[in-house]
Amino acid sequence: MAAVTLTNVVKRFGTFEVVHGANIDIADGEFVVFVGPSGCGKSTLLRMVAGLEDISGGEIAIGGKVVNDVEPADRGIAMVFQSYALYPHMTVEQNLSFGLRMNGNPKADTQRRVKRAAEILCIDELMQRRPKQLSGGQRQRVAIGRAIVREPQVFLFDEPLSNLDAELRVQMRVEISRLHKELGVTMIYVTHDQTEAMTLADRIVVLKAGNVEQIGAPLDLYDDPANRFVAGFIGSPKMNFIAAQVVDLSNSAATVELVNHGGARLRKPLCGPLPAAGAEVVLGVRPEHFFEAGEGDCDIPVKADVAEHLGSVSYVYADAGPEELIIEREARRQRASSDRFTVSIKAERSLLFDKTGARIR
Amino acid sequence: MRYRNATAYRFLTPYLLIFAIFWIWPIISSFLISFQATRTVPWRFAPTFNWGRLIGDPAFFNALKNTLLILVIQVPVMISLAVVMAVLLNSPLLKARGLYRFAFFAPVVVGEVAYSAVFRLMFSLDFGIVNKLLNSVGLEKIDWFSNVTPAMALIMIAVTWRWAGYNAIIILAGLQSIPDDVYEAATLDRVSKLRQFFYITLPLLKPVIVFCAVLSIIGTMQLFTEPFLITERGGPGGGTETLGLLLYRQGFRSLNFGYASAIAYTMAGLAIAITLVQLWLTREPK
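Residues numbered from 1 in each chain as written. Chains lettered and ligands numbered in written order. Predicted model: local features only at pLDDT ≥ 70, side-chain atom pairs only at ≥ 80, totals over all residues. Heavy atoms only, no water.

Let us now look at the pairing of strand β6 (residues 77-80) of chain A. Residue and element names in this part refer to chain A. Neither face of β6 is open: one carries Ile77 and Met79, the other Ala78 and Val80, and all of them are buried. As judged from the 4 bridges shared by β6 and strand β7 (residues 154-158), these two strands associate in the parallel manner. Within β7, the position partnered with Val80 by the bridge is Phe157. (Buried < 20%, exposed > 50% of the residue type's maximum accessible area, 1.4 Å probe, protein only. Helix = DSSP H or I, 4+ residues; strand = E, 2+ residues; numbered from the N terminus. Pairing = 2+ DSSP bridges.)

What follows covers the sheet that holds strand β14 (residues 280-285) of chain A. Strands pair in a sheet through their backbones, by hydrogen bonds, and they do so in one of two ways: parallel or antiparallel. The strand order across the open sheet formed by 6 strands is β13-β12-β11-β14-β20-β21 (chain A), and the pairing between neighbours is antiparallel. Two strands close off the open sheet at either side, each with one partner strand: β13 (265-269) and β21 (359-360) of chain A.

Further remarks concern the sheet that holds strand β10 (residues 211-216) of chain A. All names here are of chain A. Taking strand neighbours across the sheet as the criterion, the 6 strands line up as β6-β7-β8-β3-β9-β10 in an open arrangement whose pairing is mixed. Both edges of this open sheet fall to β6 and β10, since each of them pairs with a single strand only. Taken pair by pair, the neighbouring strands of this sheet meet at an average axis angle of 15°, ignoring direction. Looking at chain direction, strand β3 (residues 31-35) and strand β9 (residues 203-208) are connected through 4 bridges and run parallel. Bridge pairing in β9 places Phe34 opposite Val205. (Axes fitted to C-alpha atoms, helices over the stretch in contact; angles between N-to-C directions.)

Scanning the entire structure with this criterion turns up 27 aromatic pairs over all chains. Between Phe155 of chain A and Phe157 of chain A, the ring centres sit 6.1 Å apart and the planes meet at 15°, which makes this aromatic pair stacked. Taken individually, Phe155 of chain A and Phe157 of chain A each receive the classification buried, so the pair is uniform in this respect. An aromatic cluster is built from Trp43, Phe224, Phe228, Tyr248, Phe252 and Phe257 of chain B, whose rings are joined through pairwise contacts. Positioned above the aromatic ring of Phe291 of chain A, the side-chain terminus of Lys346 of chain A is 4.1 Å from the ring centre. Over the ring of Phe49 of chain B we find Arg44 of chain B, and its NZ or CZ is 5.8 Å from the ring centre. (Phe/Tyr/Trp six-rings, centres within 6.5 Å; stacked < 30°, edge-to-face > 60°. Lys NZ or Arg CZ within 6 Å of the ring centre and 35° of its normal.)

With that settled, the discussion passes to the nonpolar core. Grouped together as the largest cluster of nonpolar side chains are 78 residues, with contacts concentrated most on Phe34, Leu45, Leu156 and Ile188 of chain A. With 12 residues, helix α3 (residues 58-89) of chain B is the largest single contributor of residues to this core. Ignoring sequence-local partners within four residues, the contact set of Ile188 of chain A consists of Val4, Ile26, Val32, Phe34, Leu46, Val49, Val154, Phe155, Leu156 and Phe157 of chain A. Ranked by size, the runner-up nonpolar core spans 46 residues in total, among them Val35, Leu134, Ala143 and Ile144 of chain A. (Core = buried A, V, L, I, M, F, W, Y, C linked by side-chain atoms within 4.5 Å. Contact = heavy atoms within 4.5 Å.)

Once that is clear, we can look at a nonpolar patch on the surface. Residue and element names in this part refer to chain B. Together, Leu17, Ile18, Ile21, Phe22, Trp23, Ile24, Trp25, Ile27, Ile28, Phe31 and Leu32 line one region of the surface with nonpolar side chains, adding up to about 1100 Å² of accessible area. Relative to the assigned elements, Phe31 resides in helix α1 (residues 2-33). Judged by its relative accessible area of 37%, Phe31 falls in the partly exposed class. (Patch = residues over 30% accessible without salt bridge, like charges linked within 9 Å, V, L, I, M, F, W, Y side chains within 5 Å. Areas by Shrake-Rupley, 256 points an atom, 1.4 Å probe, with all protein chains shown as cover. Salt bridge = Lys/Arg side-chain N within 4 Å of Asp/Glu carboxyl O.)

Moving on, we get to the environment of Glu330 of chain A. Residue and element names in this part refer to chain A. Of note, Glu330 is situated in the loop between β18 (323-329) and β19 (340-345). The class for Glu330 is exposed, based on a relative accessible area of 60%. Sequence separation between Glu330 and Gly311 is 19 residues; the distance between their C-alpha atoms is 9.1 Å. With sequence-adjacent residues up to four places away left out, Glu330 is seen in contact with Ser312 and Val313.

Turning our eyes to something else, we now look at the interface of chain B and chain A. The partner chain A presents 23 residues to the 16 residues of chain B that form the contact. Summing the contributions of chain B and of chain A, the shared interface buries around 1900 Å²; its carbon and sulfur component is 60%. When the buried area of chain B at its contact with chain A is split by residue, Leu188, Asp189 and Arg190 of chain B rank highest and sum to 36% of it. For the interface between chain B and chain A, the tally reads 3 salt bridges. Across the pair Glu184 of chain B and Arg47 of chain A runs a salt bridge whose closest N-O atoms are separated by 2.5 Å. Taken together, the connections running from chain B to chain A amount to 10 residue pairs in polar contact (both at pLDDT 80 or more). Going through the elements one at a time, α8 (180-188) and α9 (193-221) of chain B are the ones with two or more residues in the side of chain B that touches chain A. Residue contributions to the side of chain B that touches chain A peak at 7 residues, all from α8 of chain B. Class assignment for the residues of the side of chain B that touches chain A results in 10 nonpolar, 1 polar and 5 charged. (Buried area = accessible area lost by both parts, 1.4 Å probe. Polar contact = N/O pair within 3.5 Å; in protein donor to acceptor, adjacent residues only side chain to side chain. Nonpolar A, V, L, I, M, F, W, Y, C, P; charged D, E, K, R; others polar.)

All names here are of chain A. On domain assignment, one finds that chain A holds domain 1 (4-233) and domain 2 (240-360). Here domain 1 and domain 2 have C-alpha centroids that lie 38 Å from each other. On the domain 2 side, the residues contacting the 10 residues of domain 1 number 9 residues. Note that Asp224 and Arg359 form a salt bridge whose closest N and O atoms lie 2.7 Å from each other. Inspection of the region where domain 1 meets domain 2 yields 7 residue pairs in polar contact (both at pLDDT 80 or more). (Domains from an automatic or database assignment.)

Before going further, it helps to examine helix α4 (residues 97-109) of chain B. Note that an α-helix has 3.6 residues per turn; residues three or four places apart therefore point the same way. Residues and elements named next belong to chain B. Between its terminal C-alpha atoms α4 stretches 19 Å, which fits the 18 Å expected from 13 residues at 1.5 Å a residue. Of all the bends in α4, the greatest reaches close to 25° and is centred on Ala103; the proline Pro107 follows between one and four positions later. Where α4 is concerned, the buried positions are Ala106, Pro107 and Val108. On the buried face of α4, the contacting elements are α7 (148-176). (Expected span 1.5 Å × (residues − 1). Bend = angle between axes of the 7 residues up to and from the residue.)

One pass over the full model with this rule turns up 21 salt bridges over all chains. Note that Asp109 of chain A is salt-bridged to Arg113 of chain A, the shortest N-O span being 3.1 Å. Of this pair, Asp109 of chain A and Arg113 of chain A both sit in helix α3 (residues 107-121), 4 residues apart, which is roughly one turn of that helix. Arg113 of chain A carries the same exposure label as Asp109 of chain A, and that label is buried. A salt bridge links Glu175 of chain A to Arg141 of chain A; the nearest nitrogen and oxygen atoms lie 2.8 Å apart. Of this pair, Glu175 of chain A sits in helix α5 (residues 166-183) while Arg141 of chain A sits in helix α4 (residues 136-149); the two residues are 34 residues apart in sequence, bridging distant segments of the chain. Each of Lys11, Arg47 and Glu53 of chain A together with Glu184 of chain B takes part in a single network of salt bridges with overlapping partners.

As structure tokens, this is what we get:
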């Protein structure tokens, strides 16, 4: 087990910089998820930790030791690849034991480690099969097993579930979570799926275009995002953003007018620096934070466009002037399209962002 | 559906007719000719005449021995060389990869007569560059054309020069289909580059290498150009005569079509048999 520290880590491909000075501290035994849209640099960051990509600047330390110039095999890490990267010509048993055999590990110890990994992942029955004779989920288990037999200090997962169907993904998610509890080692997991991030992580690192946007526990990011990007990326369905303008400032509060909703106003108490009067701002409201008319601080009329009924809840995609809002409604299964209704917003359940996307607290 | 099939066959008919006349019929016809004595007029049906001669003909066994010798020495050497060339071509460190790829492939498109003439000049006893190089490092000149062993070596060198690059390009395609992350996984497993080559690259290239070997076996069984042009019709004294050359000599110089047909079928049979044995030996375990 080991802590992982990234200090001002930079990655350039030629002159093109893709990671701009990442600073991340991962505690011993912690499960950290790097999440962000495609091209944000999360896989590159993981591959730099693994040693599969050179580091253009900064330092990476594993277990307190700087590993910038340490060979991948000597970093005490094991990696599970998105495409599994199993050796196609070897049986499951050979796949699991290959690295140990190549390094002259004692036969008895190799057998012990392979047996243990097979038991943990319930793949005992598959040992003599080849990868092409396995399902996607089984292949993923073997790939994880190959990481387990190395008995690493740090596990690295590069989008390991993205090739699986939805049902299997949920199942494997639970298994990875269980594995983390059982092994208690540090795990770094890369995904673009915020649901995976929310369900697996002790802490999430949100990345955008090579920058770390925010690091925090899943619910902290959900409830208290640092900026509009994190607010929109974390949560499904995503947060609604409503254009607004500051019309009054008084007693540590800003009154904003929702510009596309007939002059509806909301007084939002703030604890930080106040925005300028007349500033254009954005009000963020999660789908489940719309209330019945009159229950909140500000009512806005909407027209239902499409409704998704998921059983326990329904999501109504509603037109509100030029903006489309996603509204979570309970017990509204019978609501038809084109219904007009009014929803209410509470100041305490909304977030305010400035024009650049920074949070106004 | 049946009407659509009929229409398709009507479009195919011109091709099928030409295929039947110029491919199928000659194959059947030569098989029938192999059972006829063709040195008499008119030809007469004599089922054992050519096949019986084949079994006891020293010229046939000499050509068979030469062909198999080239096959067991040259083909493995050439395929091994092609694998090495493909790995080098695939190296990310290599600059001007396209140029090398073209250079390796170029011998295939060079005219056979031209390249044979160049080889004869290069290996000439008195003014060939090869003997000059041997002399310059203190070795004696070799008479490549008058002694059987050097002549045979020359044929093998020439065939290897001509086809190694071609096979390397095919193997390169196979190499490029091996995903990078398999090697990355091996790197994380602390497997050295050399061991990665023997334990990952070669096993994963096996289907492509088998394919190249099958093509080479078929090609070698039909080998004709090099012994005909470079060592002057299988010289010295039939020392480099191959089955292809014997077939040509019997069919088109002695006009003994029956015997030539029997040789042709023997060549095809041997190529199929060797290929089947090879495919069986290199089959994927179930």
